[in-house]
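Structural characterization, general
The lines below spell out each chain.
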Amino acid sequence: AQSVSQHNHHVILSEAASLELGCNYSYGGTVNLFWYVQYPGQHLQLLLKYFSGDPLVKGIKGFEAEFIKSKFSFNLRKPSVQWSDTAEYFCAVKDYKLSFGAGTTVTVRA
Amino acid sequence: DAGITQSPRHKVTETGTPVTLRCHQTENHRYMYWYRQDPGHGLRLIHYSYGVKDTDKGEVSDGYSVSRSKTEDFLLTLESATSSQTSVYFCAISEPKTGLEETQYFGPGTRLLVL
């Protein structure tokens, strides 16, 4: 099974700052890639996904992610965060099963 | 949001008692999953089902059993709850497309405390 690494455990930002969250997985082959978000007290919601095609994927709420196959990476970005982006973010990789990273808590200060 | 409900949403129980969690979906998806979420571990797969009466183990299946007698319901049972099973439990559903393409959608979760 894949090992999924999220580089940051906790990120603290001010509103309007740019956000980038790193995600790497352990080995290649055909994979599906996902970012999920979990707002406080809520369930996981799909932010975006990559199956194939354009490696730059746009998701909901202004998020995007870039798949770099040579680096086994799928980093999440948002140019300007809002207080409402405070949440935990999970990267997930699927080959024959879905494997999750440990999550990154993002705190946006007003 | 996908039509997934979980019951109960919160439960407190004592060590050694049996506990059953229910996941119900209205999407008619073939695949259903049970995960547990613990700090620092993300989500870990307990069991999954790929059809009625078809189930298989995930990476943390010890101490858990599942049953799926209808497409819409997937039950997770802790035969004899232990404190290490205190966690948040999420159900997920999916309907795989061609090849590997599959997106899982998650339910609202059940918070279980074993004393």
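Attention in this report is confined to the structure presented alongside it. Keep in mind it's a predicted model, so treat the numbers as computed, not measured.

Rules used in this analysis
Residues numbered from 1 in each chain as written. Chains lettered and ligands numbered in written order. Predicted model: local features only at pLDDT ≥ 70, side-chain atom pairs only at ≥ 80, totals over all residues. Heavy atoms only, no water. 1 Å grid on protein atoms, 1.4 Å probe; cavity = no way out; pocket = protein on both sides within 12 Å on 5 of 7 lines; lining within 4 Å. Points joined across faces, edges and corners; volume = space filled by probe spheres on them. Helix = DSSP H or I, 4+ residues; strand = E, 2+ residues; numbered from the N terminus. Nonpolar A, V, L, I, M, F, W, Y, C, P; charged D, E, K, R; others polar. Contact = heavy atoms within 4.5 Å. Buried area = accessible area lost by both parts, 1.4 Å probe. Salt bridge = Lys/Arg side-chain N within 4 Å of Asp/Glu carboxyl O. Polar contact = N/O pair within 3.5 Å; in protein donor to acceptor, adjacent residues only side chain to side chain. Buried < 20%, exposed > 50% of the residue type's maximum accessible area, 1.4 Å probe, protein only. Pairing = 2+ DSSP bridges.

**As for the layout of surface pockets**
When its volume is computed, the largest pocket comes out at roughly 310 Å³. If you list the elements that add at least two residues to the lining of the largest pocket, you get β10 (87–94) and β12 (104–109) of chain A together with β9 (87–94) and β11 (110–114) of chain B. Tallied by class, the residues present in the lining of the largest pocket amount to seven nonpolar, nine polar and three charged. In this model, the second largest pocket occupies a volume close to 220 Å³. Every residue lining the second largest pocket is counted, 18 residues in all, and those nearest its centre are Gln37, Asp38, Pro39, Val88 and Arg111 of chain B.

**A word on the interface of chain B and chain A**
Across the boundary between the two partners, chain B contributes 18 residues, which contact 21 residues of chain A. Interface area for chain B against chain A, summed over the two sides, is near 1,700 Å², with a carbon-plus-sulfur share of 58%. On the surface where chain B and chain A come into contact, there are two salt bridges. Residues Lys94 of chain A and Glu102 of chain B are paired through a salt bridge, measuring 3.5 Å at the closest nitrogen-oxygen approach. At the junction of chain B with chain A, the criterion picks out five residue pairs in polar contact (both at pLDDT 80 or more). When residues of the side of chain B that touches chain A are traced back to their parent elements, those giving at least two are β4 (31–38), β5 (42–51) and β10 (105–106) of chain B.

**Concerning the pairing of strand β5 (residues 32–38) of chain A**
Residues and elements named next belong to chain A. With respect to burial, β5 is a largely interior element, seven of its seven residues being buried. Sheet topology note: the β5/β10 ladder contains seven bridges and is antiparallel. Across the sheet, residue Trp35 finds its bridge partner in β10, namely Cys91. One ladder, built from five bridges, connects β5 with strand β6 (residues 45–50); its direction is antiparallel. Across the sheet, the residue bridging to Phe34 is Lys49, located in β6. Taken together, β5 and the strand that follows it, β6, pair antiparallel across an intervening segment of six residues, in which Gly41 is found at a positive phi of about 75 degrees.

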